[in-house]
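# Structural overview
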Amino acid sequence: MYRKTVPYRIFNVFNTVFLICAALACVIPLIHVLAVSFSAKSAADGNLVGLWPVDFTTIAYEKTINNSVFLHSLWVSVKRTVLGTAGILAVACLAAYPLSKENAQFRGRSIYSWVFVFTMIFKGGLVPFYIVIQNIRLMDSFWVLVIPGLVNVWLIILLMNFFRGVPRELEEAALIDGSGHFGILWRIYLPVSLPALATLGLFAMVWHWNSWFDGLLYLSSKEEYPLASFLQTVIVSRDFSSMSFSKYEFELLSQKTINAAQIFIGALPVLIVYPFLQRFFVKGLVMGSVKE
Amino acid sequence: MKATAQKSLLSAAALLLAAAGLSACSGSNDNASPSDSSSSSASNSPSASASEPAPAASESPYKEKYDPPVTITTVWGVDPALKFKNGETIENNVATKWALDTLGIKIDSLWSVTDSNNAFVTKMRLAMSSNQKLPDVVTIGTGGDYDQLAQDLIDTGAYREVGSLFDEYASDKWKAAMELDPNVWNPYIRDGKKIGIPVLDYAYNHDYLLWIRQDWLDKLQLEGPKTMDDLEKIMDAFKNNNPDGLKPDKVTPLSIGFKMTMNTWMGDPSWVFGAYGTIPGQWNVGADGNLEWGSINSGSKQALEKLKEWRDKGYIPSEAALWDENKTAEPAVAGTAGIIPGPYWMSGWPLLDTAKNVPTAVWKPYAIPTGPDGKAGRHGTNFTSGVTLINKDFKHPEALFTYQNYLFENLADPAPGSQWDVGVFKGYDYDLDASGNPLYIDQIPGGDVNINRYWLVKDGARIPDAQMKALMNLADGKEATSRLEKEVKNNYGPETPAAAKVLLSQPNISFTDMFTGPATPTMKSKQDYLKKIELETFNQIIYGKKDSSAFDKFVADWKAAGGDKMTQEVNEWYQTTKK
Amino acid sequence: MRYLRRTWPFHLMLLPALALLIVFNYIPIGGIVMAFQDYKPWLHISGSPWIGLDNFRLMFEREDSMQVIWNTLLIASFKIVFNLLTPFAFAILLNEIRQKYLSRSIQTLVYLPHFLSWVILGGILVEFLSSDGGFVNRVLHWMFGIKPIFFLGDGNWFRFTVVVSDVWKEFGYNTIVFLAALAGINPSLYEAAEVDGASRWAQTRFITIPSLIPMAIVVGTLALGKILDAGFDQIFNLYNSMVMSKGDIIETFVYRTAIVDGQFGFATAVDTLKSLVSMILIVISYRLAYKLANYRVF
């Protein structure tokens, strides 16, 4: 057993220490944000907050929670993330299955895959896209947050690569039993690809959760913004040279603590979901077990 | 008012006009007035200059109240900080209701967008390119990307000449405010025609002065600085003999930054250049009366040598080249900075918070010190904060004047006892307690909202010198009586009136950017590169990577790489404004 | 006919994705013609004047355009390489940790920086990397006696800082695909190797790494699409007048000259150029992967 050997044990100690250090290096900025969110405004403005709150207060969170627009945008975000992620995965499964076949089995495959890849690289730009959105009447509709993002070529390619790892024998056996391709996809490919789907679902989720530009452009009322768009309208580097001052601007200028609270709340849902999805990465043994 | 007496007559006339307008509008051009001011309505026309030659007709379209109401379509870039109450929105709120009820003007919103990260500019450009209807009336701000957007909107040709409308319909009060600085029209003139109405703003908002820690000065028994030499002595004492006992390396005697520009609004180093007779990063009037780019003036070289000296001595932050405006405020708020340049209103924000971190801290405003030749300088502020454009297809351009004249009359600087003296909308920007005393800000049930951003034109109506006048009165110890005086007293920091006085003690040292026209061809293709070599050279000199002779090479490079051509184009524009 | 009968489900399955692609990707791609126009929003594409290659010429006429392109290529290639190697190595190392709670906590923590925008991180980095008593410089001084380094104010260090901080921000997130691929390895392979007495290093070399290679090829190939994409948000928030000559990249340059001035045609031209270069690189690497590793990337 390699685990008992001395070199491996030494390696293990170093490895553990190294990874813990790496993890700490990643967590420090968020701790700083968290500390700011719990600090007094004057301390935050003076940049006196390190990794621990100065003059502890929860007022930033109270203000955030009491903002009805914030709560509604949270709901819009949840809705778009759930529907969007489900949609992306459905489209991706359907598209990745035929693309994972051998060229001999599905002759159009090569052309199709270049048609997909091409769109990853060439983009038409904002103006033509905007005109399309306007012409198909998606403007100002909730669905503008979901439908244009349904095809994610990057995820389709990843899923296609996972599908290629599914043993051919399973498929051939099912074909002989008279199953169609839809049945094979549903009964054989999907169950064994759970780790892949969990990974892709996570990517899709994070993408949806963080997207803000579409909300800002295609929705005309702030009340219907998803959370990420809402946060963008709050956390901005404003050009003060064009600002005529009033006490309202003073309030906005001093929102460092509230911004911090909102950043944290915004990141929270994905942080909570992540450990649950993680389990699937670890339980990826399902696929291994069917292999001989 | 007379208007009430004539109401029925007017409404009948308005009906007729509406009908006439419908048949006459198609195919018509930017002819200013389908009908005009005449004797019967002269009493309603607020402007004395309404007697200009005009085609004969029986009735002016201008009304103090429209019945049936007219509709003005517009679009909104909503400030992210703007709050609403009672379930209102920018499309439908107390101010739009007021306009309909009082003036018979219905404000119709085509779209609105929360304006952050350029969302308004992007949305407006997309609307322009996707055949969406352009609004009847739109106000575009200044600064950043707004300037170019305004110029592009003017170039679409969808917006009409407004100079004649302004002459005909604007009230005397508005005209007087506009005449404080006739240059405000300059950016919006095409072939001698005025295409947009400048939005006036309070003057001196971004002119700056020095904020100095008075408690430190007192403990060191030092006077405020009159000259740059005085200033150096003070900075040295702050650093090496700190009254709060801070170690020299913990003190930032002078908090300035120049991450992307040497000419900004807080923590700005441009007054150091001012001491040598120039302001960098803008167009100043040169010795020969032509415009010159301030950064290539030989005074800049001396200023850079001075800044290098200060950096070497540790008077300015060692990482000043990485600091943006907000960063320069941090040591000031933390109580480790002794001096910070900034606008007169800084005692309200951010300096109010210093005392929370260092209870003994006291900031006082001081005038800009003079250089070796007795010169002093800072950058100045234009009086405008935007432009209002009127669509040439809009059938009731005079309605905008009905709206704005009312605001200039009643909102801009209301006399004590007038209708909006206490506040504008009860329950929004003020409220009354049981005994009729006004309540403001947090005392208003449900909190206050900034109704000034609900108006059709940004900030309603502002007379450039009104706020400074109010502040000067307060600084002279006058009791706050007018609404503006009360407003500044209630809302702004305790040192603001004194700072305003300090600011106005040096009225002639402000250099405003004299070029306000549309970007010239060379500017479009070269300015970015020219700015890049400018900043790079300046920083290399300040950080001692090159000696100050690099400045002369920079000037030669700058001129050769398009700077001379740009200067020529700018001066051609400048000549057209001097007519 | 028989072929079509066998493959119709494939075409049907691709239909939804294809329809969406046509509407949201292929129709807007027509907008690329703007690159050859002096595009004016109010004249629309149909009415804007044609100016041939002038927009492309403008890009190369700039005195500093070569410098900007070189900066972009340099920063982007380092990012591509290290954003591939770091997660790859990290996934393998993490796989060695047997305590489930520890490995899962580390996994969750390294993933955090991905959620912070560069606007926030920019401010924090300036603080941490300050040459004037910043945390990193203090640690370096304490451990190695190094003089303070001007990380963000010195051109070469700036490039270094940009690459390292980007890798630091994204490696946790990028590790996820490799972790998922690791989960897919058949455990019986390790069991067999164990029986043969293979050391852990041998197992890593002959089982783990080969199983991850296909995923690395896919990720690497697709990353080439970003070869002229050095990270706008990051540079925009970190760069300053001190490091312009070494830190300015195509996108910040386009932003300053084109977006602010509303020169859509110019911005489109630059984008089209970028797309062309990436397309060529992707085709080459696709061919190479097929020829050398007999692996079809997509």
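### Quick look at the overall build of chain A
A count of helical and extended segments in chain A gives 15 helices and zero strands. The proportion of buried residues among the 292 residues of chain A is 44%. Nonlocal contacts in chain A, meaning residues at least 24 apart in sequence, comprise 72% of its contacts between residues at least 6 apart.

### Topic: the overall build of chain B
Regarding its fold elements, chain B presents 19 helices and 17 strands. Residues counted as buried form 54% of the 579 residues belonging to chain B. Sequence separation of at least 24 residues holds for 73% of the intrachain contacts in chain B that already meet a minimum separation of 6.

### A look at the sheet that holds strand β12 (residues 363-366) of chain B
Residues and elements named next belong to chain B. Read from one edge to the other, the open sheet built from four strands follows the order β8-β11-β7-β12, with strand pairing classed as mixed. Sheet topology places β8 (252-254) and β12 at the edges, where each strand pairs with a single neighbour. Along the sheet, successive strands turn relative to each other by an average axial angle of 35°, direction set aside. Bridging between strand β7 (residues 208-213) and β12 involves four bridges; their strand directions are antiparallel. Looking at the pairing, W211 lines up with P365 of β12.

### A few points about the environment of N237(C)
Residues and elements named next belong to chain C. Here N237 shows up in helix α11 (residues 232-238). On the basis of neighbour count, N237 is assigned to the partly exposed category, with 18 C-beta atoms found within 10 Å. Taking the C-alpha atoms as reference, N237 lies 8.3 Å from G123; in sequence the two are 114 residues apart. Ignoring anything within four residues of it in the chain, the contact list for N237 reads W118, V119 and G122.

### Digging into the interface of chain C and chain A
On the side of chain A, 67 residues touch chain C, which itself brings 63 residues to the contact. Among the elements of the structure, α1 (2-29), α4 (65-95), α5 (100-110), α6 (118-128), α8 (155-183), α10 (200-223) and α14 (264-293) of chain C are those that each provide at least two residues to the side of chain C that touches chain A. Per-class residue counts for the side of chain C that touches chain A are 45 nonpolar, 14 polar and four charged.

### A look at the pairing of strand β2 (residues 105-114) of chain B
All names here are of chain B. Two strands pair when backbone bridges link them, and strand β1 (residues 70-78) and β2 are joined in this way by nine bridges, in the parallel orientation. Among the inter-strand pairings, G77 is bridged to a residue of β2, identified as V113. Taken together, β1, helix α3 (residues 94-103) and β2 form a β-α-β motif whose crossover is right-handed.

### A look at the confidence of the model for chain B
All names here are of chain B. With 89% of its residues at a pLDDT of at least 70, chain B reaches an overall mean of 85. Throughout residues 1-57 the model reports pLDDT below 50, and contacts reaching past four residues in sequence, or to other chains, amount to 72 contacts. For this predicted complex, the interface score ipTM comes out at 0.84, while the overall pTM is 0.84.

### A word on the nonpolar core
Of all hydrophobic cores here, the largest spans 307 residues; its most connected members are A92(A), A95(A), A96(A), I156(A), L159(A), L209(B) and F178(C). Broken down by element, this core gets its largest block of residues, 12 residues, from α8(C). Once residues lying within four places of it in the same chain are set aside, the contact partners of A96(A) are I156(A), L159(A), M160(A) and F163(A).

### Considering the environment of I195(B)
Residue and element names in this part refer to chain B. Within the fold, I195 resides in the loop between β5 (193-194) and β6 (196-200). For the pair I195 and R160, spaced 35 residues apart in sequence, the C-alpha to C-alpha distance is 5.8 Å. Beyond its immediate stretch of four places on either side in the chain, I195 contacts I154, Y159, E161, V162, Y188 and R190.

### A short note on the sheet that holds strand β3 (residues 137-141) of chain B
Residue and element names in this part refer to chain B. The strand order across the open sheet built from three strands is β3-β14-β6, with neighbouring strands paired in antiparallel fashion. Only two strands of the sheet have a single neighbouring strand rather than two, namely β3 and β6. In this sheet, adjacent strand axes meet at a mean angle of 30° when their direction is disregarded. As paired elements, β3 and strand β14 (residues 384-390) share five bridges and run antiparallel to each other. When the bridges of β14 are listed, V137 appears paired with I390.

### Considering helix α11 (residues 298-313) of chain B
Structural remark: α-helix, 3.6 residues per turn; residues separated by three or four positions point the same way. Across its 16 residues, α11(B) extends 24 Å between first and last C-alpha, which sits within 8% of the 22 Å expected from 1.5 Å per residue. One or two steps after α11(B), the chain reaches G314(B), where phi turns positive at roughly 80°.

Quick notes on the rules
- Residues numbered from 1 in each chain as written.
- Chains lettered and ligands numbered in written order.
- Predicted model: local features only at pLDDT ≥ 70, side-chain atom pairs only at ≥ 80, totals over all residues.
- Helix = DSSP H or I, 4+ residues; strand = E, 2+ residues; numbered from the N terminus.
- Buried ≥ 20, exposed ≤ 12 C-beta atoms within 10 Å, placed from the backbone.
- Contact = placed C-beta atoms within 7 Å.
- Pairing = 2+ DSSP bridges.
- Axes fitted to C-alpha atoms, helices over the stretch in contact; angles between N-to-C directions.
- Nonpolar A, V, L, I, M, F, W, Y, C, P; charged D, E, K, R; others polar.
- Right-handed = clockwise from strand over helix to strand, strands pointing away.
- pLDDT = per-residue confidence, 0-100.
- Core = buried A, V, L, I, M, F, W, Y, C linked by C-beta atoms within 7 Å.
- Expected span 1.5 Å × (residues − 1).

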